[in-house]
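One letter stands for each residue in the lines below.
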Amino acid sequence: MSRRRTTQIFCASTLYGAVTLAAALDSGLFGHAERRVLLVVNNAAVPETTPSLAEAEGFAALRGRFDTVLSWNETISPLHPAGWTPRAGDLPMLQRHLRTLWHLGDDRVELVLESIQVTPALAIAQLLPEAPVTVYADGLMSYGPTRNKIDPMIGGRVGRLLYLDLVPGLDPLLLAEFGAVPEPVPTEAFLRCVAELSGPPAPVERADGPALLLGQYLAALGLLTGAEEEELHLRMVRGAVARGHRRLVFKPHPTAPDTWSRALVREAEVLGAELTVEHRPVLAEVLFRELRPALVVGCFSTALLTARTFYGLPVARVGTLTLLERLTPFQNSNRVPLTVVDAVLPPLEADEPGDGAPIDAERLNDLVAAVGFAMQPKIRPELHAPAVRHLSGPLAERTRHHFTRRRLTALGLPGGLPIPRHPQVRRLARQALRLRKALKG
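Residues numbered from 1 in each chain as written. Predicted model: local features only at pLDDT ≥ 70, side-chain atom pairs only at ≥ 80, totals over all residues. Heavy atoms only, no water.

Asker: Looking at this model, I keep getting lost on the overall build of the protein. Mind explaining?
Answerer: A count of helices and strands for the protein gives 17 helices and twelve strands. What you see for the protein is a C-alpha radius of gyration of 23 Å, in line with the 22 Å of a compact globule of 441 residues. When its C-alpha atoms are laid out on the principal axes, the protein stretches across 70 × 65 × 40 Å. Counting every position in the protein, which comprises 441 residues, the buried fraction comes to 51%. (Helix = DSSP H or I, 4+ residues; strand = E, 2+ residues; numbered from the N terminus. Rg over C-alpha atoms; globule rule 2.2 N^0.38 Å. Buried < 20%, exposed > 50% of the residue type's maximum accessible area, 1.4 Å probe, protein only.)

Now the structure itself:
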């Protein structure tokens, strides 16, 4: 009896993800397969007007690692990847259709997915129900807890979590409830893949590099208003100039308004500096290699940690306190990336809270575990002990801004308000809280 052919399907929605996959493949983190398929997803609000990953600058350098490139958008057209999941009654028919459409036959399929708790990864896993799953993490998101409760029939298929070791010593929380084994993608392989996308590197000893400012377009996520994010970028300019930098480069988010860039150019001129805008849709890591910046500034971009950990560049954060104060709900998956950046990177501005003193790996693990438990106490109840340890420990006061008093109180954690034991008193307290929320609404 002949052995079944193995097909590995790698799902990617960003060039950063594709580079991570290429580095994992180059490092031998996947076993033998007769066929390797890259499934490209375009999650833009209007995919028809937004270039996909397959059209990105530098993608051609990664293309040769895969036998076939397919489009999930074309597969489910005219439906949108972020909004479609198959109905249970349609699954048998759609499963057969997908195997025919992608020429899978009776292949043994292995899936490599991003963000399995949401579509489109969740839908793909449902349509190939016998496939074992490897999840690879999108930057700092790997350190946070799984943001939704996943069907055990899906989550139980996840054997590994591949992640970039952006914060050495910090353990990922993602999918640990299913026993997924975290496995770092070698840094050297990631750097080699980035080098394939970029031009000649700047000399390592270069001392006159510009300050690189990273935009994230947080307004599109509803975390800031457009005016507030523009002011955040202006703070980056002022802070960099205050540190003595006179050459600045701003890397905007590809979909951010052009007016923001023009305002930054004007602000830099007023302050006696020169700011140029990097219009190429390249990874920040490409600029780290090509420019060798003297300083990298951002809010809570993953690129801040790749700059510091992988390229050895000076970095500074700005605006994390504001974001932590207004991030809702508490379970928002951006919370742990914000927590990590706020805890381990120095502030740009002299008057911004945070002394920038390093937190050792053990205490950082406890802080992230405490935030993770407060976010998802039902998914990760075993994190209660490290949460109590951190919130009762010497760093509790310094990191108190990562938690809300209401959340600590609701979970009975140190730092919360004492909860009355008498049932009638507790009932009155709950009624008062509901009335307060109603009046605010």
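After that view, the rundown keeps rolling.
Asker: Just checking my understanding: could you explain the environment of L413 for this structure?
Answerer: Looking at the element boundaries, L413 is found in the loop between helix 16 (405-410) and helix 17 (423-440). Residue L413 is classed as buried on the basis of its relative accessible area, which comes to 4%. Taking C-alpha positions, L413 is 8.9 Å from A374, a pair spaced 39 residues apart along the chain. Excluding residues within four positions of it along the chain, L413 makes contact with F373, H384, A387, V388, L391 and L408. (Contact = heavy atoms within 4.5 Å.)

Asker: Is there a simple way to think about unusual backbone geometry in this case?
Answerer: Only a minority of non-glycine residues have a phi that is not negative, and only a minority of peptide bonds are not trans. Along the chain, S77 connects to P78 via a cis peptide bond; the corresponding omega equals 5 degrees. One can find P78 in the loop between helix 3 (72-76) and helix 4 (91-101). The linkage connecting T328 with the following residue, P329, adopts the cis geometry, with an omega of -10 degrees. Relative to the helices and strands, P329 resides in the loop between helix 12 (320-326) and helix 13 (335-344). At H103, a position not held by glycine, the phi torsion is positive, near 55 degrees. Take H103: it is sitting in the loop between helix 4 and strand 4 (108-113).

Asker: What exactly am I supposed to notice about the sheet that holds strand 12 (residues 315-317) here?
Answerer: Paired through backbone hydrogen bonds, the strands of a sheet run either parallel or antiparallel to each other. The parallel open sheet is built from five strands, whose spatial order is 10-9-8-11-12. The open sheet is flanked by strand 10 (274-277) and strand 12, the only strands paired with a single partner. Geometrically, the sheet is characterised by an average inter-axis angle of 20 degrees between neighbouring strands, direction not taken into account. In terms of strand pairing, strand 11 (residues 295-298) meets strand 12 through three bridges, oriented parallel. (Pairing = 2+ DSSP bridges. Axes fitted to C-alpha atoms, helices over the stretch in contact; angles between N-to-C directions.)

Asker: Would you explain the packing of helix 14 (residues 361-375) against helix 15 (residues 384-391) in this entry?
Answerer: When two helices pack together, their arrangement is captured by the angle between the axes and the distance separating the axes. Between helix 14 and helix 15, the least distance of the axes is 8 Å, while the angle of their chain directions is 115 degrees. Our pair here, helix 14 against helix 15, has a crossing hand that is left-handed. Residues R363, D366, L367, A369, A370 and F373 of helix 14 form the contact with helix 15, whose own contacting residues are H384, P386, A387, R389 and H390. Looking at the contact of helix 14 with helix 15 residue by residue, the classes come out as six nonpolar, two polar and three charged. (Left-handed = near helix turned anticlockwise from the far one by under 90°. Nonpolar A, V, L, I, M, F, W, Y, C, P; charged D, E, K, R; others polar.)

Asker: How do you make sense of the sheet that holds strand 5 (residues 133-136) when you look at a structure like this?
Answerer: One open sheet accounts for seven strands, arranged 3-2-1-4-5-6-7; its pairing is parallel. Only two strands of the sheet have a single partner each, and these edge strands are strand 3 (68-71) and strand 7 (181-185). Ignoring which end each strand starts from, the neighbouring axes of this sheet average 25 degrees apart. The pairing of strand 1 (residues 6-12) with strand 2 (residues 35-40) spans six bridges and is parallel. Counterpart to A12 in the pairing with strand 2 is V40. Along the sheet face, helix 1 (residues 15-26) touches strand 1, strand 2, strand 4, strand 5, strand 6 (158-164) and strand 7 and points at about 145 degrees away from the line of strand 1.

Asker: I would appreciate a short explanation of the packing of aromatic side chains in the present structure.
Answerer: By the definition in use, this model includes nine aromatic pairs. Between W72 and W102 the ring centres are 6.1 Å apart and the planes differ by 65 degrees, which places this aromatic pair in the edge-to-face class. Of this pair, W72 sits in helix 3 while W102 sits in the loop between helix 4 and strand 4, placing them 30 residues apart in sequence. By way of ring pairs, the aromatic residues F10, F30 and F66 are connected into one cluster. (Phe/Tyr/Trp six-rings, centres within 6.5 Å; stacked < 30°, edge-to-face > 60°.)

Asker: Help me out: how do you make sense of helix 7 (residues 187-197) in this one?
Answerer: At 3.6 residues per turn, the α-helix brings residues three or four places apart onto the same side. Looking only at helix 7, the buried set comprises A189, F190, C193, V194 and L197. For helix 7, the angular spread of buried residues about the axis comes to 140 degrees, placing them on one side. The outward face of helix 7, more than 90 degrees from its buried face, is lined by the exposed residues E188 and R192. Buried residues along helix 7 sit in contact with helix 1, helix 2 (59-63), strand 6, helix 10 (284-291) and helix 11 (302-310). (Arc of directions from axis to C-beta.)

Asker: Honestly, helix 13 in this entry has me stumped. Any pointers?
Answerer: Within helix 13, ten of the ten residues are buried, leaving the element largely enclosed by the surrounding structure. Burial in helix 13 covers these residues: R335, V336, P337, L338, T339, V340, V341, D342, A343 and V344. Residues of helix 13 that are buried make contact with helix 11, strand 12, helix 12 and helix 14.

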